[in-house]
Structure formats: C-alpha cells, structure tokens
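Okay, here's what each chain looks like letter by letter:
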Amino acid sequence: MDSTSRLAQVRARLDLPLARRASGLLEGRHRSILKGHGQDFDDLSLYTPGDDVGDIDWKSSARAGIPVIRRFARQSNLNLVIVADTGRNMAALAAGGEEKSEVAVFMASLVAYLARDRGDRVALVAGDAERLVQRPPRSSTQELELMLHVLAGAYDVDAPPSDLNRPLERAMNAFQRRSLMLVITDEARPEPGHEQLLRQLRVRHEVMVLAVADASALTLTGGATSKPVRDVDADLQLPPFLQRRRALQASGEQVVRARRDMVAELLRRQQIHGMTATGSDHAVVQLIDLLGRQKRADR
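As recorded in an unreviewed UniProt entry, the protein goes by DUF58 domain-containing protein and comes from Sanguibacter biliveldensis.

Now for the overall build of the protein. Broken down by element type, the protein carries ten helices and ten strands. Within the span of the protein, comprising 299 residues, buried residues form 46% of the whole. Sequence separation of 24 or more characterises 77% of the internal contacts of the protein that already satisfy a separation of 6 or more. In the structure as shown, the protein presents an accessible area of about 14,500 Å², 51% of it carried by carbon and sulfur atoms.

This brings us to helix α1 (residues 6-13). Taken as a whole, α1 has its buried residues at R6, L7 and V10. The buried residues of α1 occupy an angular sector of 100° when the element is viewed end-on, so they sit on one face. Away from its buried face, by an angle of more than 90 degrees, α1 presents the exposed residues R11 and A12. Those residues of α1 that are buried are in contact with α4 (100-118) and α5 (141-154).

A separate point is the nonpolar core. One finds M107, L210 and L287 to be the most contacted residues of the largest nonpolar core, which totals 46 residues. Per-element tally for this core: the top contributor is α4, with twelve residues. Not counting the four nearest positions on each side in its chain, M107 is found in contact with I184, L210, A211, V212, M275, A277 and A283. If you look at the next biggest cluster of nonpolar residues, it comprises 20 residues, including L201, V209, L266 and L267.

Below, the discussion takes up the packing of aromatic side chains. Applying the stated criterion across every chain, the model contains zero aromatic pairs. One cation-aromatic arrangement involves R13 over F106; the distance from NZ or CZ to the ring centre is 4.5 Å.

Applying the stated criterion across every chain yields a total of one cavity of 30 Å³ or more. If you add up the space inside the largest cavity, you get close to 50 Å³. As for the largest cavity, its lining consists of L26, L80, V111, L114, L180, L182, L287 and L291. Taken together, the elements giving at least two residues each to the lining of the largest cavity come down to α4, β6 (180-186) and α10 (280-297).

Our next topic: the packing of α1 against α4. Geometrically, a packed helix pair is captured by the angle between its two axes and the distance between the axes. Where α1 contacts α4, the axes come no closer than 9 Å and their chain directions differ by 85°. Relative to α4, α1 is oriented roughly perpendicular. Where α1 abuts α4, its residues R6, L7, V10, R11 and R13 lie against V105, F106, S109, L110, A112, Y113 and R116. Class assignment of the residues belonging to the contact of α1 with α4 gives a composition of seven nonpolar, one polar and four charged.

Here the focus is the environment of A22. Position of A22 relative to the elements: it lies in helix α2 (residues 16-33). In this view, A22 contacts L114, I288 and L291; residues no more than four positions away in its chain are not counted.

Turning to the pairing of strand β4 (residues 121-127), a few remarks are in order. Looking down a regular strand, the side chains alternate between one sheet face and the other. Counting buried positions over the seven residues of β4 gives six, a clear majority of the element. In this structure, strand β3 (residues 79-85) lies alongside β4, joined through seven bridges in parallel fashion. Residue pairing across strands places D85 opposite G127, the latter belonging to β4. Chirality of the crossover, the property in question, places the unit of β3, α4 and β4 among those that are right-handed. In the sheet, β4 pairs with strand β5 (residues 132-138) via five bridges, with the strands oriented antiparallel. Across the sheet, the residue bridging to A126 is V133, located in β5. Where β4 folds back onto β5 in an antiparallel hairpin, the turn is made up of four residues.

Calculation rules
- In this numbering scheme, every chain counts its residues from 1 along its sequence in written order.
- Two thresholds apply to this predicted model, a pLDDT of at least 70 for residue-level local features and 80 or more for giving and counting side-chain atom pairs, whereas whole-chain, interface and lining totals are computed over all residues.
- Hydrogens and water are ignored here; the side-chain numbers use all heavy atoms of the structure.
- Only DSSP runs of H or I covering at least 4 residues are called helices, and only runs of E covering at least 2 are called strands; the numbering of each starts at the N terminus.
- A simple rule labels every residue: compare its accessible area, found with a 1.4 Å probe on the protein chains alone, to the largest value its type can have, and call it buried under 20%, exposed over 50%, or partly exposed in between.
- Note on definitions: a residue-residue contact is assigned when non-hydrogen atoms from the two residues lie within 4.5 Å.
- Under the convention used here, a 1.4 Å probe and the Shrake-Rupley method define accessible areas, while residue burial counts only the protein chains that appear.
- This arc is built from the directions going out from the helix axis to the C-beta atoms.
- We call a set of buried Ala, Val, Leu, Ile, Met, Phe, Trp, Tyr and Cys residues a nonpolar core when their side-chain atoms join them within 4.5 Å.
- By convention, a stacked pair of Phe, Tyr or Trp rings (six-membered ring in the case of Trp) has centres within 6.5 Å and planes under 30 degrees apart, an edge-to-face pair has planes over 60 apart, and any other such pair is tilted.
- For a Lys NZ or an Arg CZ to count as sitting over a ring, it must be within 6 Å of the ring centre and within 35 degrees of the ring normal.
- We place a 1 Å grid over just the protein atoms. Points where a 1.4 Å probe fits but has no way out form a cavity, open points with protein on both sides within 12 Å along at least 5 of 7 lines form a pocket, and any residue with an atom within 4 Å of a point lines it.
- Grid points are joined across faces, edges and corners, and a volume is the space filled by probe spheres set on the points.
- Angles here are taken between N-to-C directions and fall from 0 to 180 degrees, while the axes themselves are lines fitted to C-alpha atoms, restricted in helices to the stretch in contact.
- Every angle not falling under 35 degrees, over 145, or within 65 to 115 is termed oblique; those three ranges are roughly parallel, roughly antiparallel and roughly perpendicular.
- Basically, the charged four are Asp, Glu, Lys and Arg, the nonpolar ten are Ala, Val, Leu, Ile, Met, Phe, Trp, Tyr, Cys and Pro, and anything else, Gly included, counts as polar.
- A pair of strands is treated as paired once DSSP finds two or more bridges between them.
- Handedness of a crossover is defined as follows: orient the strands so they point away from the viewer, and if the path from the first strand over the helix to the second runs clockwise, the crossover is right-handed.

Right under this line is the structure:
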C-alpha cells in the first residue's frame, strides 16, 4: 500500500453502504463511552439504507407508519487509540497471503479513515521489546497519514521481539480520558502475561482486540519446488518434505486451535470483544461485525 495515500486507498476499497454501516456503529461507541456524561437528543429522521437499525425509534415508527431513527447531538469528539504490536512476529505471513504487518496497517488505516470522517481523533502507541512510539490524538488527513507512515515503518523482519505489555502500559499511563482502545496484534496474543494490564485498561477505557491470523507453515507451499519455511520469531526451519506430512498438519492444527481458544477465553474473562482477520479485505467485514457485537453487548 502506498504510504502517502493510505486513507484514500481505504476509501477506494470501502463501498458506501459499508462505510455508513461502520460510521453508525462508531456513533454507538460515542454513546457507550460517554454514558453518564450525556448526549443530547437532537431530532427524528427517516431511516435510510445503511443507518444502524439499533437507532430506530419503534414507537415513533409505528405512529408514522415508516421507519424513523433517533439522532443525537454529540457533546465531544471521541478519542480512538491504536495500540499496535510491532514485534518481528508481525513481519510473518498472514493466513490470506499478505504480510501480517500489511494487514495491521490496513486495519489502522480503516480505523483512522472512519474516525477522520466523523471528526474524531486518533492516537497511536506502538511498541515491542525495545521500542515505543507514541503520537498524540489527531484528526487531520495529513497528520493521520503521517501517523500511519510511522506505524508502517516500525514493522520489519529484523525488529525486536514482541512485548505487548509495553505499549499497553504506555497507553494506560498516557491517556486519562476514557477512550476506545484498539489493540492490533496477531492471533497468538494477548497471552496470560498480558491479562493484568488488559484488566486495568478495561476499567478506564473500552478495549477491542484486532488480530491478524497467522499463515500455516504446513499449507503455504507444496510440490517439488517448495522452499523451506522459516519462523521469523525463532530459528526453526521447516523443510518441504515435512510440510506435506498429514500427521504433522493435524498436530499443528490442534495446537493452533488450542491457542485460539486460550486467547478467546482470556478476552471473555475480561469482557473484551475481538476479531481475527485473515487479510485486508476480510478485515473490513470483521471490524463492522466487531463494532456491532460490542454495541449489542452494551444494551
């Protein structure tokens, strides 16, 4: 993806109904996060395709004989904080064939695009075992493009290993105002060692996890021309003849399922909703589904 036009490329890949659906669900995050601080009722308007059905005023609709939705006047902008894992694990391949870093940057770009069009602000905290990068909340196109460029530049196969606790702790200490925290990592995280910080973060903020699914080294290649698959996070190299062993594939799939179940249970305990995307195209639908699940849970 061209680093100078990430928001424009998101717009090109996001059709209008999906954009309106995502924007409506993000509006729901305003009302959830600002609960108790109030959002003034503005007016009633006719429902149009793409509006969130959760905003339909059923009593007014019954009287009018047509679907009517409630509009609210926002009292303040929403801060969205992207908390990104930049460990070298993110330089590996995603399940859809892209690099996980490309999917991660696309998800961050999607969040930034939706926020910018609503007038909301986006901040960034990105880090690994040795590095931390922080950018304050911004809403202009130029500032968001720069933020996304900084994030993309942090991903590299020679980067330090992942340490999700470091960006989580920085986000918790740096942002006092209640915000929507979007943690971007891979499907192996968060791990039990991250649970305490997630619990603390969840008390103050709303938290969602946007994960990238790992490609399987056992299904990436095949045939006589296959090359050894190397783990970017270790020194393991898997030769082609092992990649085609069915028993090894079954064992690997079992390990992956157990890891996914562990992450899902951890998020459930902390009442955090998450998604796992196989690639950039999949991420759009998954993010909309995530926002919808979170909004329904808040009712």
